[in-house]
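For reference, the chains in residue letters:
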Amino acid sequence: GGQIHARAIGMAAISAACLLSGLAGVWLESIIKRSTDVPIWLRNMQLGVLSLLLGIVSMIVLDGEAIRRDGFFQGYTWVTTFVVLQVSLGGILVGLVMKYADNVVKGFATSLSIVISSLVSWWIPIFQFSPSLNFLAGSSLVIASTLLYSSAGTVQSPLPLTAHARDQ
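The residue numbers shown here count from 1 along each chain, following its written sequence. Confidence filtering applies because this is a predicted model: local features only for residues at pLDDT of at least 70, side-chain atom pairs given and counted only at 80 or more, and all residues used for totals across whole chains, interfaces and linings. Only heavy atoms go into the side-chain values, all of them from the structure, while hydrogens and water stay out.

**Details of the overall build of the chain**
So, point 1. Scanning the chain for helices and strands turns up six helices and zero strands.
So, point 2. Working definition: with a 1.4 Å probe on protein chains only, accessible area under 20% of the residue-type maximum means buried, over 50% means exposed, and in between means partly exposed. Buried residues in the chain amount to 13% of all 168 residues.
So, point 3. Split by element, the accessible area of the chain, about 13,400 Å² in all, is 72% carbon and sulfur. Helix numbering and strand numbering both begin at the N terminus, where a helix is a DSSP run of H or I of at least 4 residues and a strand a DSSP run of E of at least 2. Here the accessible surface of atoms and residues is derived via Shrake-Rupley with a 1.4 Å probe, and residues count as covered only by protein chains that are part of the display.

Following this line, the structure appears as structure tokens:
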């Protein structure tokens, strides 16, 4: 009883997160593509400043004492610096994808990056990753859906367009 209840709550939470993430992605895409007067670099800076403020508040609340005692860069290594730079570049790439592609392409890119990262981890012994049957099935679906989406071409609407809709 309890395990089934926990799984149901977990599935509901994951489903809600997926739905909200999709809605947020489409909403963000509409804002970015609608406001052509604001360059993508400025939009990235605006979103980055908001994230920075939230991160600083979180950092002070969770690690304020350790930062005051040992400094901000305590425990940083070259790996930490590399990860920070990688995530920063990833944010810029997401902004470019949102500007010049769409939310569906971003979803495919994210899914493919997870699959590729996992496959690379499989060949690096230190990670001790071995793909399960579920992983292989999911990866196959991601790759197949990406191939289908990218090879689909344009779809003709079955309904005739009005002159106004055709001109836009």
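**Some points on helix α5 (residues 133–151)**
So, point 1. The span expected for a helix works out to 1.5 Å for each residue beyond the first. For α5, with 19 residues, the first-to-last C-alpha span of 27 Å sits near the 27 Å given by 1.5 Å per residue.
So, point 2. Those residues of α5 that sit buried are Phe-135, Ser-139, Val-142 and Thr-146. Across the axial projection of α5, the buried residues extend over an arc of 60 degrees, all falling on one side. When the buried face of α5 is taken as reference, the exposed residues oriented beyond 90 degrees from it are Leu-133, Asn-134, Leu-141, Leu-147, Leu-148 and Ser-151. What the arc describes is the spread of directions from the helix axis to the C-beta atoms.

**Some thoughts on a nonpolar patch on the surface**
So, point 1. A cluster of nonpolar side chains, Trp-78, Val-79, Phe-82, Val-83 and Val-87, forms an exposed patch at the surface whose accessible area comes to about 550 Å².
So, point 2. Mapping Phe-82 onto the fold places it in helix α3 (residues 78–100). The patches described consist of residues with a relative accessible area above 30% and no salt bridge, like charges being joined within 9 Å and nonpolar side chains (Val, Leu, Ile, Met, Phe, Trp, Tyr) within 5 Å. By salt bridge we mean one thing: a side-chain nitrogen of Lys or Arg within 4 Å of a carboxyl oxygen of Asp or Glu.

**Structural notes on the pattern of salt bridges**
So, point 1. Taken as a whole, this structure holds two salt bridges when the rule is applied.
So, point 2. Residues Arg-68 and Glu-65 are paired through a salt bridge, measuring 3.8 Å at the closest nitrogen-oxygen approach. Here Arg-68 pairs with Glu-65, and both are found in helix α2 (residues 40–70), just three residues apart, close to one helical turn.
So, point 3. Taking relative accessible area as the criterion, Arg-68 reaches 62% and is therefore assigned exposed.
So, point 4. Asp-70 is the partner of Arg-69 in a salt bridge, and the nearest nitrogen-oxygen pair spans 3.3 Å.

**Quick word on the packing of aromatic side chains**
So, point 1. Only rings of Phe, Tyr and Trp enter the pairing, Trp through its six-membered ring, and a pair is recorded when the two centres are within 6.5 Å. The plane angle decides the type: under 30 degrees is stacked, over 60 is edge-to-face, the rest tilted. Enumeration according to the criterion identifies five aromatic pairs in this entry.
So, point 2. Between Trp-122 and Trp-123, the aromatic rings sit 5.8 Å apart at their centres with planes inclined by 25 degrees, giving stacked as the arrangement.
So, point 3. Residue classification places Trp-122 among the partly exposed residues on the basis of a relative accessible area of 41%.

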